[in-house]
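Residue-level structural notes
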Amino acid sequence: MSARLAVDIGGTFTDVAIERDGERWTGKVLTTPHAPELGVLEGVRVVLERASMTPADIVLVIHGTTLATNAIIERKGARTALLTTEGFRDVLALGNESRYDQYDLNIDLPQPLVPRRWRLTVPERLDNEGKVLLPLDEKAVADQVGFMKAEGIESLAIGFLHAFVNPTHEQRAAAVVRGLWPELNISLSSEVSPEMREWERFSTTAANAYVQPLMASYLKRLETGLRGGGFTCPLFLMLSGGGLTTLDTAARFPIRLVESGPAGGAIFSAHVAKQRGWGKVLSFDMGGTTAKVCLIDEYAPQASRSFEVARVGRFKKGSGLPLRIPVIEMVEIGAGGGSIAHCDALGRIQVGPESAGADPGPACYGRGGRHPAVTDANLSLGRYEPDLFAGGALKLHVQPALDALSRDVGERLGLPAEMAGLGVVEMVDENMANAARVHAIESGKSYGGRAIIAFGGGGPVHGYRVAEKIGVNRMLVPSGAGVGSAIGFLRAPVGYEVVKSLYQRFRSFDVGAVNALLGAMSDEASRVVAEGAFGAPMAEHRLAFMRYVGQGHEISVALPSRALTADDIPVIRAAYDAEYTRFYDRPVPGSDVEILAFAVTVATVPDEVLPVAEVADAPAPAPIRVQQVRDTATGEVAPWQVYDRPAMPPGCTVPGPCIVSEAETSTLVGPGWRCRVDGLGYLELTRGEAA
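Residues numbered from 1 in each chain as written. Predicted model: local features only at pLDDT ≥ 70, side-chain atom pairs only at ≥ 80, totals over all residues. Heavy atoms only, no water.

**A short note on the pattern of salt bridges**
- All told, the structure shown has 43 salt bridges when counted by the stated rule.
- Note that glutamate 385 is salt-bridged to arginine 625, the shortest N-O span being 3.9 Å. Here glutamate 385, found in the loop between α10 (374–380) and α11 (398–413), pairs with arginine 625, found in strand β29 (residues 625–630); they are 240 residues apart in sequence, far enough to count as distant. (Salt bridge = Lys/Arg side-chain N within 4 Å of Asp/Glu carboxyl O. Helix = DSSP H or I, 4+ residues; strand = E, 2+ residues; numbered from the N terminus.)

**Details of the packing of helix α9 (residues 260–276) against helix α14 (residues 484–491)**
- Following both chains from N to C, one finds α9 and α14 inclined at 75°, their axes separated by 7 Å at the closest point. Here α14 runs roughly perpendicular to α9, going by the angle between their axes. On α14, the residues that touch Ser260, Gly261, Gly264, Gly265, Ile267, Phe268 and His271 of α9 are Gly484, Ser485, Ile487, Gly488, Phe489 and Arg491.
- Split by residue class, the contact of α9 with α14 holds 4 nonpolar, 8 polar and 1 charged. (Axes fitted to C-alpha atoms, helices over the stretch in contact; angles between N-to-C directions. Parallel < 35°, antiparallel > 145°, perpendicular 65-115°, else oblique. Contact = heavy atoms within 4.5 Å. Nonpolar A, V, L, I, M, F, W, Y, C, P; charged D, E, K, R; others polar.)

**What about the side chain of aspartate 15?**
- Mapped onto the secondary structure, aspartate 15 falls in strand β2 (residues 13–20).
- Relative accessible area serves as the criterion here: at 7%, aspartate 15 is assigned to the buried category.
- Of note is the side chain of aspartate 15, whose polar atom sits 2.9 Å from the side chain of lysine 28.
- For aspartate 15, the contacting residues outside a window of four places in its chain are Ala6, Val7, Asp8, Gly27, Lys28, Gly482, Val483 and Ala486. (Buried < 20%, exposed > 50% of the residue type's maximum accessible area, 1.4 Å probe, protein only. Polar contact = N/O pair within 3.5 Å; in protein donor to acceptor, adjacent residues only side chain to side chain.)

**What to know about the packing of aromatic side chains**
- Tallied over the full model, the rule gives 8 aromatic pairs.
- For the pair tyrosine 464 and tryptophan 673, a centre-to-centre distance of 6.4 Å together with 75° between the ring planes defines the contact as edge-to-face. Placement of the pair is tyrosine 464 in helix α13 (residues 459–470) and tryptophan 673 in strand β34 (residues 673–677), with a sequence separation of 209 residues. There is no split in this pair, since tyrosine 464 and tryptophan 673 are both buried.
- With a centroid separation of 5.0 Å and an interplanar angle of 80°, the aromatic rings of tyrosine 548 and tyrosine 576 are classed as edge-to-face. (Phe/Tyr/Trp six-rings, centres within 6.5 Å; stacked < 30°, edge-to-face > 60°.)

**Let's talk about the packing of helix α12 (residues 417–442) against α13**
- Their axes nearest at 9 Å, the elements α12 and α13 cross at an angle of 55°. Classified by the angle their axes make, α12 and α13 are oblique. Crossing geometry of α12 relative to α13 is assigned as right-handed. Only His462, Arg465, Val466, Lys469 and Ile470 of α13 make contact with α12, whose side of the interface consists of Val425, Glu426, Val428, Asp429, Glu430, Met432, Ala433, Ala436 and Arg437.
- Of the residues in the contact of α12 with α13, the class split is 7 nonpolar, 1 polar and 6 charged. (Left-handed = near helix turned anticlockwise from the far one by under 90°.)

**Some words on the sheet that holds strand β4 (residues 58–65)**
- Taken in spatial order, the 6 strands line up as β3-β2-β1-β4-β11-β12 in an open sheet, and their pairing is mixed. Looking along the sheet, the strands with just one partner apiece sit at the ends: β3 (23–30) and β12 (244–246). Sheet twist, expressed as the mean angle between neighbouring strand axes with direction ignored, is 25°.
- Pairing analysis gives 3 bridges linking β4 to strand β11 (residues 235–238), with the strands arranged parallel. The residue of β11 that forms the bridge with valine 61 is leucine 235.
- Strands β1 (3–9), β4 and β11 of the sheet are contacted by α9, whose axis makes an angle of about 85° with β11. (Pairing = 2+ DSSP bridges.)

See the structure below:
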């Protein structure tokens, strides 16, 4: 009878979910930006009351948050310095000298988190094999400590040339700094991102240092608040790569949490897809601040070893700060319920990325917000019942929403407030559909045969229209969709990935060196996972990142999860050629292959997922009310019947247009669509041939 609790902090709402023996209780409360732990504690209190439980009933708390991401985007992190090798002060600014837009003469490039004045150098040098060419000048390190104290530095990133091969100089520099300044937060590139490519390694380490004081302080306050509230169980954090880790590891490497909330949503979608036996789906998560889309094939989200944060060019790779961390690959845009709408200089409606957040929130919240947000636009179209928003916990005010839409959009375009609201909703739907198109193109995939799994507070509201725009005819809204990311945390395995560089070529492959490295990586990952596995079985996966000699990008190839032998070398080489052929249609005969890095992932084995059983048809309940809703495709107002989701039995079907209402969200079933409840209580929306 043990229960697990999950909490996801978003930009507008904090979501909480408790599960025990197949039962689930959920809730949403407004996020408290000035002290996020207060919103968490309030949400936990509310859901515990609903479940008639006490903190003693909870055996595990799982938490995810975008606080680290927001701190980087809003540039609200610590005053951070970078200590690096003499002569390499400007690596963060130079990057790899690529341009994300070749023809923009006034291109804006992302500014480094560490300004040049705080990028400090000391004499030292290692070669590419880690041999000492110039010993570390420890006096120079000590001298820089005095400068940092005078500048009020709060956190330090240390990144030396070739430290991923030999971390000795970084470790010694950190020891010198700690001896003179014990309380300073320090991040080492050889620990945060021990891979070649200086710009990515230094950028990731600087970002880790930038958010470490903020995240460590927050996690400590949260732990104190939970302990003070009677919780004695472990607290785990969701990682961007889809696994869970301990509080101590999260405090050391908070950069691995940047996409923890969205990662929970992708895990949630993958689990739902497996329940339904759908091998190709698009995860669509729309919350209060952002919308996230992620392709899922064969029940696994796309994974990546790199991520960009704070892009200055919309949808443009290379326009953000690079982070070299394991992540679930997705596209995230500033399109949520709180995204602010306005007209630009050309008279075009623009939505986001600025958000009204939770305080003051959209104008309809009645908390002082004066600018129209997507929630205001939806309210103006009749999509929400003002007294029942968020399960009745938050009353919406229609007139302030109409006033804001008229003032910021309608007057500029000569439109009444309701038509301005239609323009805002149609624009945000197109933005999300375009993001989905770009994501598929960049991944070399299409939407043929795919279904959308929509969740988050706004996903079920906007999902059917986004599906129409990208040519998808099937959509699923799972139970608990309004708090999908939090539920996803409960599905995630306890896992950890270690990535390290060791340059190898197949013609001179050193089996002993590779086995020693992989063994050490396996031990490191296993130690982290064992702290939270509670005796559950664990599985290990190994990858090597390879390329033909002279190429610029690698392809991952699976390795046996054991010590390698000489007989494995031709097998691995053949696997690389096959994978390269899958990507590029033909191999490169006669070319040697080089390995740049290895990855070892250890994770608990997930529980088996049983497919949903078919259910017989059942009569639909009577609608609970009728709302006058303006259709965004035609602009016409028509009566839409509203159904209470808890009252809809498995097997019942209702035709669109209609609204299926529940506490945390509403599912819009557009004209030409129909909605059927499956054996799990999920809403399956279909249109055309799919229906």
